[in-house]
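Here's the letter readout for the chains.
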Amino acid sequence: MVFSQADVSGKFMNDIINIEILDKSGHDDLNFSIKNLTADLTFDTYYFGLSIEPFEEFKDLKICIATFLHKWLTEITNMQLGQEKYFPIDISDQYTGCIKVSKHKDELEISYGMSNREGYTLDINNPTDYFNSINDFRSDIPEILTVKNTDFLNSLQSQIDKLLR
């Protein structure tokens, strides 16, 4: 499926990707969804918190995740046609939940699934190795979302901006 999120003024109406961080204990506190692809999913921020220890304020965690998402933004912006990369978001002891992004002309194909790569092996502060190294991605979601490259990047930037407010 293909859709565009921009109205005639170019302003975003609804974000493709949605991320919300709850002020909780590091467990079940990251709400995540991709419009028309995933349900509302809930993950842990535990490993994000560990990567900035000691952090003193909730805002520190939000900044950490915004910085992490900015690395996604940079990597997707620099992708070559035909490339596919993997972007982790559900960082758990036994696996990582991630999105698979494939670049085709001015569109991206987005899938959501998982890798058996353990979350503790991921460097939150420098995740680029993960982006290029996953070879066991699998998904239980049969759909693949096709979106305009600019729409997805704008949505990702919107989430970063929201976290930094």
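For the structure given in this document, a descriptive report is provided here. The model shown is predicted, which means the values in this text are computed figures rather than measured ones.

1. Describing the side chain of glutamate 75
- Among the secondary structure elements, glutamate 75 is positioned in helix α2 (residues 58–77).
- In this structure, glutamate 75 is in contact with Lys85, Phe87, Thr128, Phe131 and Asn132, ignoring residues within four places of it in sequence.

2. Let's talk about α2
- Between its terminal C-alpha atoms α2 stretches 29 Å, which fits the 28 Å expected from 20 residues at 1.5 Å a residue.
- Buried residues of α2: Leu61, Lys62, Cys64, Ile65, Ala66, Phe68, Leu69, Trp72, Leu73, Glu75 and Ile76, and no others.

3. Quick look at the environment of isoleucine 141
- Secondary-structure assignment places isoleucine 141 in the loop between α3 (128–133) and β8 (145–148).
- We classify isoleucine 141 as partly exposed; its relative accessible area is 24%.
- Residues isoleucine 141 and serine 111 lie 30 residues apart in sequence; the distance between their C-alpha atoms is 7.8 Å.
- Ignoring any residue separated from it by four or fewer positions in sequence, one finds isoleucine 141 in contact with Leu37, Thr38 and Tyr112.

4. Details of the nonpolar core
- With 44 residues, the main nonpolar core has Phe32, Trp72, Ile99, Ile110 and Phe152 as its most contacted residues.
- With nine residues, the top contributor of residues to this core is α2.
- If sequence neighbours within four positions are ignored, isoleucine 99 has contacts with Phe32, Ile34, Trp72, Lys85, Tyr86, Phe87, Ile110, Ser111, Tyr112 and Phe152.

5. Notes on unusual backbone geometry
- Here glutamate 53 and proline 54 are connected by a cis peptide whose omega angle stands at -10°.
- Summarising the element assignment, proline 54 is placed in the loop between α1 (46–51) and α2.
- With a phi close to 65°, asparagine 36 is a non-glycine residue in the positive phi region.
- Of note, asparagine 36 is situated in the loop between β3 (30–34) and β4 (41–43).
- In the Ramachandran plot, lysine 105 falls in the positive-phi region, its phi being about 45° despite a non-glycine side chain.
- Looking at the element boundaries, lysine 105 is found in the loop between β6 (96–104) and β7 (107–115).

6. Quick word on the packing of aromatic side chains
- Under the counting rule described, the total for this entry stands at nine aromatic pairs.
- Between phenylalanine 48 and phenylalanine 68, the ring centres sit 5.0 Å apart and the planes meet at 85°, which makes this aromatic pair edge-to-face. You can see phenylalanine 48 sitting in helix α1 and its partner phenylalanine 68 sitting in helix α2, a full 20 residues away along the chain. Here phenylalanine 48 matches phenylalanine 68 in class, with each residue buried.
- Taken together, Phe48, Phe68, Trp72, Phe87 and Phe131 form an aromatic cluster joined through their ring pairs.

7. Points about the pairing of β3
- Counted residue by residue, β3 has four buried out of five residues, so it is predominantly covered.
- Note that β3 and β4 share three bridges and pair antiparallel. In the sheet register, leucine 30 faces β4, and the bridge partner there is phenylalanine 43.
- What sits between the antiparallel neighbours β3 and β4 is a turn of six residues, in which asparagine 36 has the positive phi angle 65°.

About the criteria used
Residues numbered from 1 in each chain as written. Predicted model: local features only at pLDDT ≥ 70, side-chain atom pairs only at ≥ 80, totals over all residues. Heavy atoms only, no water. Helix = DSSP H or I, 4+ residues; strand = E, 2+ residues; numbered from the N terminus. Contact = heavy atoms within 4.5 Å. Expected span 1.5 Å × (residues − 1). Buried < 20%, exposed > 50% of the residue type's maximum accessible area, 1.4 Å probe, protein only. Core = buried A, V, L, I, M, F, W, Y, C linked by side-chain atoms within 4.5 Å. Phe/Tyr/Trp six-rings, centres within 6.5 Å; stacked < 30°, edge-to-face > 60°. Pairing = 2+ DSSP bridges.

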